[in-house]
Amino acid sequence: MLEAVSLVGRTLARGREDTEDTIGDLIKQPPAKPPRVERIYLVKLNFQISENGPRLDADMEEIDSSVLYRYRWVGNRKGSRPQMYLTTDKLDYLVGQALPNLRAAMEEMGRQDTRLYQGLLQITEHFFQKLPDGSPVLDPGKAGLAGEDFLAVAWEGTAGKPRERARDMIGQVADQVKKFALAGLGIKSSEAALWTVLFNGEPLATDPAYAAVVVRSREGAVAEGSQKSLQGICSVCGGMNRPVTYDLSQLDFLKCYITDKIGFASGVSDEGFKNTFLVCSACFRSLLLAEEYIRQHLGLRIGQQINFLVLPAFLIEPDMGREDLEAWAERLRARVGTLSSAAGWLEKIAGRGGLETELADFLEEQPQDNLALLNFLFYQKNQSEFRVLGLVKDVAPGRIAHLLQHSYRLAGKGEALFGVDHRSWWLDLTRIYRLIPISEGRRGAEHKKLLYIYEALLGEQPVNYHFLIRQFVALAAIFQTGGFAGTNIQQPQAGYEELEMGRRILQANLLLKLLREENLLEGEWPLPGVCELEGLNGAMQDYLREMDYNGPATALFLLGYLMNQVGREQAEAGYRQKPVLEKLNYAGMLWSKVVRLSNIVFDQLRQYDILRYNEGLFAIMKKLFDAHREQWPFSPEENVFYILSGYAYATRAAIKAKADRENNASNEGGTVQ
């Protein structure tokens, strides 16, 4: 996979050999806007030295792509590496170690003759000083932001080990600088997304020497020729007798080994690192560029915690330039993005041609569409930790188009059965995410349940039917008990819990149908499908036929439908929580408990005087129960799921009927002259 991904980087690197081009490919996306913040700014700290002495001013610029490029926003150095970048989202770095570290790096490179170095020299000598532990820090007294004894007084007010005291001091200085800058600029802290450094009005990050330092720092041991660089064979391209390195720590999701842990070395020795995985400078740069490009252009998110990257594995080296690659990646991201969440695409095409025509145009095959197989890398990112949750390998691009078309057809059936609400019935990865309860605090372990389904859909692997039923019943239990905290299931608006639970249960039925039609559902009870039953209305019969309900499933469905009729009467009588739903045990119900529940429902139909309207349905349910009572085929969880399905269908049928009546009345009113 590394070899395949490096082809992306090599394509990006063609014709872009100098550091200016390379750093352009390392520019990151702007930081995310906090809630209710319309604009975010780059705050420029302008260090000035004149006849009147040193002075610090602040200016700002609204962030856009040109600003990110001009001021070289490449993120921060990862992990415990010394910080030395001039544009950062951490003001602590700029008032602490970044500028002295950058100055030292330039001295190591022999670049003291540059404008950048001279600016750093002036700033660090006139504005910085060292704390008692040796840590460099901006002196607010020298910058005119506080009294001359600010650092001495602040140091005396700290406690703990010297390193902890220094960190506390740097934080206090950053707060002082931030307070000064924001007050002068008239912006809020949430609007100050990035910080950078100017010297006498000139941005230091625009100096070409800075680009060289950044690229060298990102290329690590290969560029620096350190002890982790040697002559050898590149494991990616196979090139022989060239400088290679086993230090892949500058990479993120493409790291093969944790190379700083001796247990990962061959022979468990320092020398063994040379026998693990070696990369030459050209391939390392390709991987570095590909990693950044893929993260920005082929990275997507599901829910709040699950991210995934689409890593293309080209079957042959693509004969295309950078522009062709970017167009190919944009088209791929649009399709995978729609599979991830169809809401954005549906909103984009609103008001245009028919949905089917738009989908056909969207999925029209292009000559380069099938150049690569796709690898889906699911992960969580917490600060410097990159945790791989799962990898789905070798997915054909045509599989994405197939799933989108199948989801579209199924959404159309959902509209016919449940009413016009295309977004509710279109099954994408986000919709599936909301059907599988996950405990969000267990560091990714719970996500394996969800990735099991994704791997099945993308990689055409079977899914266990009983596993899904257990997840769907657990989902319903969360809605019924209010146990939303600590899960991925979002709490609905107060009073809409039952309505939303019903929607999710119907979506779960559609997911079972999707998997069944894809021949990916294993472990179902081998009973014949739906038999035609007299006494059921056409819409209900359509639902049972579409969902492939057999006799026992239909009986449970009807029991749930009748429970809904009782629940409506209880709501009319003033109950806030319908007592009939409390008769369900979400841990599962044995067959004997189901029979007892059916008797309770019969009594309550009589009690609320609605048995006469539902006697026919109860008779059909009872007949089906009797036909299978000697060998009831369903598990306790299945019993609950199909009862809930009937309850949910009845809720949705009432909404659909009301919408149809209003629509008919509106149409009739429109014909009156």
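Nothing here was measured: the structure is a model prediction, and the numbers come from that model.

Enquirer: Would you mind going over the overall build of the protein with me for this structure?
Expert: Check the secondary structure of the protein and you find 24 helices and 15 strands. Along the longest, intermediate and shortest principal axes, the C-alpha atoms of the protein span 100 × 65 × 60 Å. Residues counted as buried form 51% of the 673 residues belonging to the protein. Surface accessibility of the protein: about 31,400 Å² in total, with carbon and sulfur atoms responsible for 47%. Of the side chains in the protein, 77 bear a positive and 86 a negative charge, and the two mean positions are spaced by 4 Å.

Enquirer: Can you help me understand the packing of aromatic side chains in this one?
Expert: Centre distance and the angle of the planes are the two values used to describe a pair of aromatic rings. Scanning all chains against the criterion turns up 24 aromatic pairs. Centre to centre, the rings of Y549 and F557 are 5.9 Å apart; their planes meet at 80°, and the pair counts as edge-to-face. In this pair, the class of Y549 matches that of F557, namely buried. Seen in terms of ring centroids, W632 and F634 are 6.0 Å apart; in terms of plane orientation they differ by 85°. Their pairing is edge-to-face. Judged by its relative accessible area of 10%, F634 is buried. Residue placement shows R72 over the ring face of Y69; its charged tip is 4.8 Å from the ring centre.

Enquirer: Would you mind showing me how to read the pairing of strand β12 (residues 372-382) here?
Expert: Regular strands place their side chains on alternate faces of the sheet. Counting buried residues along β12, eight of its 11 residues qualify, which places the element largely inside the surrounding structure. The pairing of strand β11 (residues 306-314) with β12 spans eight bridges and is classified as antiparallel. Across the sheet, residue L309 finds its bridge partner in β12, namely L377. Bridge count between β12 and strand β13 (residues 385-395): eight bridges; the pairing is antiparallel. Bridged to Y379 within β13 is V388.

Enquirer: In this structure, what is going on with the sheet that holds β11? I would like to understand it.
Expert: Consider a sheet: its strands pair through backbone hydrogen bonds, and that pairing is either parallel or antiparallel. Strand order in the open sheet formed by four strands is β10-β11-β12-β13, and the pairing between neighbours is antiparallel. Unpaired on one side and paired on the other, β10 (299-302) and β13 mark the two borders of the sheet. Direction aside, neighbouring strands of the sheet carry axes that sit 25° apart on average. In this structure, β10 lies alongside β11, joined through four bridges in antiparallel fashion. Of the residues in β11, the one forming a bridge with R301 is N307. Across the sheet, helix α14 (residues 397-418) touches β12 and β13, and the angle it forms with β12 is around 75°.

Enquirer: Looking at this structure, how should I read the packing of helix α17 (residues 447-459) against helix α18 (residues 465-481)?
Expert: Pairs of packed helices are described in terms of their axes, by the angle between the two and the distance that separates them. Orientation of α17 relative to α18, taken along the N-to-C sense of each, is 130°, at an axis distance of 12 Å. Relative to α18, the element α17 is oriented oblique. Along this stretch, α17 crosses α18, giving a crossing that reads as left-handed. Contacts between α17 and α18 involve K449, Y452 and I453 from the first element and F467, L468 and Q471 from the second. Among the residues making up the contact of α17 with α18, the classes are represented as four nonpolar, one polar and one charged.

Enquirer: Before we go on, may I ask you to explain the pattern of salt bridges in this structure?
Expert: Close approach of charged atoms allows side chains of opposite charge to pair. Counting across every chain of the model gives 26 salt bridges. Its salt-bridge partner being D207, residue R115 comes within 3.6 Å of it at the nearest N-O pair. Here the residue R115 occupies a position in helix α6 (residues 115-127), and D207 occupies one in the loop between β6 (202-203) and α9 (208-224), the gap between them amounting to 92 residues. Within this structure, K413, K513, E517 and E546 form a network of salt bridges that share partners.

Enquirer: Sorry, what's going on with the environment of S407 here?
Expert: Turning to its location among the elements, S407 is positioned in helix α14. Between the C-alpha atom of S407 and that of A342, which follows or precedes it by 65 residues, the distance is 9.7 Å. Apart from the residues lying within four places of it in its own chain, the contact partners of S407 are W426 and L427.

Enquirer: Explanation requested: the state of the cysteines in the structure shown.
Expert: Here a disulfide denotes one covalent bond, and it connects the sulfur atoms of two cysteines. Under the defined criterion, the tally for this structure stands at zero disulfides. Lacking any disulfide linkage, C234 is separated from the closest cysteine sulfur, that of C237, by 3.7 Å. As a non-bridged cysteine, C280 has C283 as the owner of its nearest cysteine sulfur, 3.7 Å distant.

Enquirer: Could you clarify how one ought to interpret unusual backbone geometry in this entry?
Expert: Leave glycine aside and you will find that most residues have negative phi; peptide bonds, for their part, are mostly trans. In this structure, N241 takes a positive phi of about 55° despite not being glycine. Take N241: its relative accessible area is 67%, and that puts it in the exposed class. Phi is positive for N519, close to 60°, though the residue is something other than glycine. Counting through the fold element by element, N519 comes out in the loop between α19 (497-517) and β15 (521-522).

Enquirer: Looking at this model, I keep getting lost on the environment of L417. Mind explaining?
Expert: Looking at the element boundaries, L417 is found in helix α14. The buried category is assigned to L417, whose relative accessible area is 12%. Ignoring anything within four residues of it in the chain, the contact list for L417 reads D542, Y543, E546, M547 and K656.

Enquirer: Help me out: how do you make sense of the side chain of R399 in this one?
Expert: Tracing the backbone shows R399 in helix α14. In contact with R399, other than residues within four places in its own chain, are L457, L458, E460, E518 and L520.

About the criteria used
- Think of each chain on its own: its residues are numbered from 1, step by step along the sequence as written.
- Two thresholds apply to this predicted model, a pLDDT of at least 70 for residue-level local features and 80 or more for giving and counting side-chain atom pairs, whereas whole-chain, interface and lining totals are computed over all residues.
- Computation of side-chain values: all heavy atoms of the structure, hydrogens and water removed.
- Where helices and strands are cited, they refer to DSSP runs of H or I of at least four residues and of E of at least two residues respectively, numbered from the N terminus.
- Partly exposed residues are those whose accessible area sits between 20% and 50% of the maximum for their type, while under 20% is buried and over 50% is exposed, using a 1.4 Å probe and protein chains only.
- Here the accessible surface of atoms and residues is derived via Shrake-Rupley with a 1.4 Å probe, and residues count as covered only by protein chains that are part of the display.
- His is not counted here, nor are the chain ends, while Lys and Arg score as positive and Asp and Glu score as negative.
- Charge positions are represented by NZ for Lys, CZ for Arg, CG for Asp and CD for Glu.
- In summary, the pairing rule links any two rings of Phe, Tyr or Trp, Trp by its six-membered ring, whose centres are within 6.5 Å, and it sorts them by plane angle into stacked for under 30 degrees, edge-to-face for over 60 and tilted for everything else.
- Whether a charge lies above a ring is judged from NZ of Lys or CZ of Arg, which has to be within 6 Å of the ring centre and within 35 degrees of the ring normal.
- Here, strands pair whenever DSSP counts at least two bridges between them.
- To get an axis, fit a line to the C-alpha atoms, keeping to the stretch in contact for a helix; angles then go from 0 to 180 degrees between the N-to-C directions.
- Every residue pair with non-hydrogen atoms within 4.5 Å of one another is taken to be in contact.
- Throughout, the term roughly parallel applies to angles under 35 degrees, roughly antiparallel to angles over 145, roughly perpendicular to angles from 65 to 115, and oblique to all others.
- Left-handed is the label given to a crossing in which the near helix is rotated counterclockwise from the far helix by less than a right angle, and right-handed is the label when the rotation is clockwise.
- Asp, Glu, Lys and Arg are counted as charged, while Ala, Val, Leu, Ile, Met, Phe, Trp, Tyr, Cys and Pro are counted as nonpolar; the rest, among them Gly, fall into the polar class.
- Salt-bridge detection follows one rule: a side-chain nitrogen of Lys or Arg within 4 Å of a carboxyl oxygen of Asp or Glu.
- Cysteine sulfur pairs qualify as disulfides if the two atoms are within 2.5 Å.

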